Amino acid sequence: MSDWRVRAVRASKRPFSRPTAERRPVDPRSAPEHSMDPRPDQPVEPVALERSLVDAAVYRDGRRTDAPADLAAIYRELPDRPGTMAWIGLFRPAEAQLLEAADRFNLHELAVEDAIVAHQRPKLERYGDTLFVVLRAARYLDEAEEVDFGEIHLFVGPDFVITVRHSQAPDLSAVRRRLEDDPELLALGPEAVLYGVLDAVVDGYAPVIAGLQHDIDEIETEVFGGDPHVSRRIYELSREVIELQRATRPLLEIMRSLEAGFGKYGTDEELQRRLRDVADHATYAAERVDGFRQMLQNILTVNATLVSQRQNEEMKQLAEAGHAQNDEIKKISSWAAILFAPTLIGTVYGMNFEIMPELKWAFGYPFAVGLMALVCTGLYLVFKRRDWL
């Protein structure tokens, strides 16, 4: 199974719901795999007393036969029982619990370490006869306009599956119910559970992509509407798209590895078809996310161009206003200089001195007036030639 390649499936599937409850210590009977079961008229299977063991069951030929109370009881149910498989669901397990599972199911220490630390990139690795898969699920939070990511670790062995979740979403109880409602599919063994989880994760990308597309449409409107805060929104949405790209792109390599092992590990033909369908949808999701990133880069470039154009227009308007102001100042200065000349001459002749050359001169007054007119005319012509008037 280590070199498989998975493609995603949409046949006979039900809506994949996600809990939105805030994070708090989880009681096994209130954890998502039980509290979200919409079938209250059906008896609830007993679960482990351990707080992290959300649901655990043993299946024979695709039908639930037992729900052991702890890992030791599950381990005892498996040997020498052909067609029997255990599915253990853990939610934020303690390190000691994962170490116990590693001891009982012979899990590799490196895979267990990754499951304990979490925050891993999506990947597929094989350790002996056990496949270790890391997936990143996503859900769109409409009010906050952001994408919330969850992480799932799967240990897929010959007769067991251990799912480890570190976040409330996605809700694997929906996957368990869907597979239990299809015993023929579940009878195909641990690979069917791996398919179901992969399918749910890939399906969860669809509403996220729709939400991001809606945000991008709004951003385009804001960009051409001149919203001054749109640059920040573009940046924040770009970060969300990059995170989603980190979740979807590695998934394609997981699919290719799974498909490559179909013949080697004898994967059932029906399961092959379903996995290929999952891979098709995963490819579509990855391509859409890649397109979003390129689109946001283009929008950011267009926004920068529009901002530059608006700034240039504002600078042009300021320059025109400054030029017009300079013209007015020139006119005012020119008329002030023209009017200053007769004022100066009149002031000289208005001084209270008895002895002045032109006081007794018969042509003194016409001379003074003529001098004023001559000076004003000369200044007017000078300013007019320089386009100040």
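All values reported here derive from a predicted model rather than from experimental measurement.

> Got a minute to help me understand the pattern of salt bridges in this structure?
As a working rule, side chains carrying opposite charge can pair if their charged atoms are close by. The tally for this structure, following the rule as stated, stands at 20 salt bridges. Two residues, Arg139 and Asp148, come together in a salt bridge whose shortest N-O distance is 2.9 Å. For Arg139, a relative accessible area of 13% corresponds to the buried category. Notably, a salt bridge pairs Glu253 with Arg256, separated by 3.0 Å at the nearest N-O pair. Pair noted here: Glu253 and Arg256 are both in helix H8 (residues 230–260), with a separation of three residues, about one helical turn. Since its relative accessible area comes to 42%, Glu253 is described here as partly exposed. Exposure remark for Arg256: the relative accessible area of 40% places this residue in the partly exposed category.

> For this particular structure, what's the right way to read unusual backbone geometry?
Where the residue is not glycine, phi is negative for most of them; where a peptide bond is considered, it is trans in most cases. Its identity is not glycine, yet Asp61 carries a phi of approximately 55 degrees, on the positive side. Following the sequence through the fold, Asp61 ends up in the loop between strand S1 (53–60) and strand S2 (63–66). Positive phi values are uncommon outside glycine, yet Arg92 reaches one of about 45 degrees.

> Whenever I open this one, the pairing of strand S5 (residues 130–141) confuses me. Can you help?
In regular strands, side chains alternate between the two faces of the sheet. The buried count for S5 comes to 11 of 12 residues, which makes it a mostly enclosed element. In terms of strand pairing, strand S4 (residues 123–127) meets S5 through five bridges, oriented antiparallel. Bridged to Arg126 within S5 is Leu131. Between S4 and S5, which follow one another and run antiparallel, lie two residues, and Gly128 among them has a positive phi close to 65 degrees. Across 11 bridges, S5 lies against strand S6 (residues 146–156) in antiparallel orientation.

> Can you walk me through the packing of aromatic side chains in this structure?
Both the distance between ring centres and the angle between the ring planes are used here to describe each pair of aromatic rings. What the rule picks out here adds up to three aromatic pairs. Ring centres of Phe105 and Phe160 lie 4.7 Å apart, and the angle between their planes is 45 degrees; on these two criteria the pair is classed as tilted. Here Phe105 is found in helix H3 (residues 95–105), whereas its partner Phe160 is found in strand S7 (residues 160–165), with 55 residues between them in sequence. A relative accessible area of 4% places Phe160 in the buried class. Taking 6.0 Å as the distance between ring centres and 45 degrees as the angle between the ring planes, the aromatic pair formed by Trp335 and Tyr380 counts as tilted. Of this pair, Trp335 sits in helix H9 (residues 269–349) while Tyr380 sits in helix H10 (residues 364–385), and the two are 45 residues apart along the sequence. On the basis of relative accessibility, which here comes to 44%, the residue Trp335 falls in the partly exposed class. The residue whose ring lies beneath Arg136 is Phe149, and the NZ or CZ to ring-centre distance is 4.7 Å.

Conventions and cut-offs
- Sequence order as written defines residue numbering, which begins from 1 separately in each chain.
- The predicted nature of this model means local features are confined to residues of pLDDT at least 70 and side-chain atom pairs, given and counted, to a pLDDT of 80 or more, with totals for whole chains, interfaces and linings taken over all residues.
- The basis for the side-chain values is all heavy atoms of the structure; hydrogens and waters are excluded.
- Within this document, salt bridges are pairs made up of a side-chain nitrogen of Lys or Arg and a carboxyl oxygen of Asp or Glu, the two lying within 4 Å of each other.
- Working definition: with a 1.4 Å probe on protein chains only, accessible area under 20% of the residue-type maximum means buried, over 50% means exposed, and in between means partly exposed.
- Starting at the N terminus, helices and strands are each numbered in turn, a helix being any DSSP run of H or I of at least four residues and a strand any DSSP run of E of at least two.
- A pair of strands is treated as paired once DSSP finds two or more bridges between them.
- Here a Phe, Tyr or Trp ring, Trp counted by its six-membered ring, pairs with any other such ring whose centre lies within 6.5 Å, and the pair is stacked when the planes are under 30 degrees apart, edge-to-face when over 60, and tilted otherwise.
- Charge-over-ring placement is defined geometrically: NZ (Lys) or CZ (Arg) within 6 Å of the ring centre, and within 35 degrees of the ring normal.

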